[in-house]
Amino acid sequence: MQKKIIVETEGILNSDITNAMSEFNVFLPLLHNKHLSTKNEEIMAYMSQEGYDKLVAQLHELQTVERPKASAAVGEAADKGDLSENSEYDAAKEAQAHLEAKINRMKIEVAEAKIVDTSKLKADVVQILSTVEMTNLANNRKMKYTLVSESEANLREGKISIKTPIAQGLLNKKAGDVAEIKIPRGTIHLRIDKISVG
């Protein structure tokens, strides 16, 4: 069993990051790599090849396995009598609608995805797909995160969404810089010790 990346101390809590995941809708700042520059393009469009492949696989699973199951459930419920008083049918239709909405969202993500070539990224500044090692100056606690698209975020793996306040505060900073970041519990100061890519 993996340890929590961050434990409850004077530093950042897992909940601070988790709660912030959906709070901010920001755009990708102009980055130093020309092919990553953007004008009002949402950050979630940028992802790694691995993240893209997983997204495509998930979409395929929903379309080829879950969609037929949902249709079958609707059909079975419909066979049970008067639809006006059939709560099982209503529940199956609602589940089917949620599934179709999820499929449509994922189709858009796949269509709009821009795969970042990590071999062309530089480690001189923090940007999407950077792995950042840092120190919380309040308690000298070390931490390490990789900044990824919203769909790739996984706190247990040390991957945080580029949309979180923490990631936003780190963007375009260099090793040695101190980022001042506002989180739900207050303001923290993180010194960037090392930046790497891949």
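An account of the accompanying structure is given in this report.

Definitions and limits used
Residues numbered from 1 in each chain as written. Predicted model: local features only at pLDDT ≥ 70, side-chain atom pairs only at ≥ 80, totals over all residues. Heavy atoms only, no water. Helix = DSSP H or I, 4+ residues; strand = E, 2+ residues; numbered from the N terminus. Contact = heavy atoms within 4.5 Å. Salt bridge = Lys/Arg side-chain N within 4 Å of Asp/Glu carboxyl O. Buried < 20%, exposed > 50% of the residue type's maximum accessible area, 1.4 Å probe, protein only. Pairing = 2+ DSSP bridges. Axes fitted to C-alpha atoms, helices over the stretch in contact; angles between N-to-C directions.

Let's talk about the environment of Leu-147
Take Leu-147: it is sitting in strand S4 (residues 141-148). Taking C-alpha positions, Leu-147 is 5.3 Å from Ile-128, a pair spaced 19 residues apart along the chain. Discounting residues that sit within four places of it in the chain, Leu-147 has contacts with Val-126, Gln-127, Ile-128, Leu-129, Ser-130, Val-132, Ile-160, Ile-162, Ala-167, Leu-170 and Leu-171.

Observations regarding the pattern of salt bridges
For the coordinates displayed, the defined rule picks out seven salt bridges. For Glu-150, the salt bridge goes to Lys-163, with nearest N and O atoms at 3.4 Å. Separated by 13 residues along the polypeptide, Glu-150 in the loop between S4 and strand S5 (159-161) and Lys-163 in the loop between S5 and helix H4 (165-170) bring together distant segments of the chain. Under the relative-accessibility criterion, Lys-163 is labelled buried at 5%. Within this structure, Lys-142, Arg-191 and Asp-193 form a network of salt bridges that share partners.

Some points on the sheet that holds strand S7 (residues 186-197)
Spatial strand order, S5-S4-S3-S7-S6: five strands in an open sheet with mixed pairing. Each of the sheet's edge strands pairs with one partner strand only, and the pair in question is S5 and strand S6 (178-183). This sheet shows a mean twist of 45° between the axes of neighbouring strands, independent of strand direction. Here strand S3 (residues 130-136) runs beside S4; their pairing, made up of six bridges, is antiparallel. Each bridged residue has a counterpart across the sheet, and for Asn-136 the counterpart in S4 is Arg-141.

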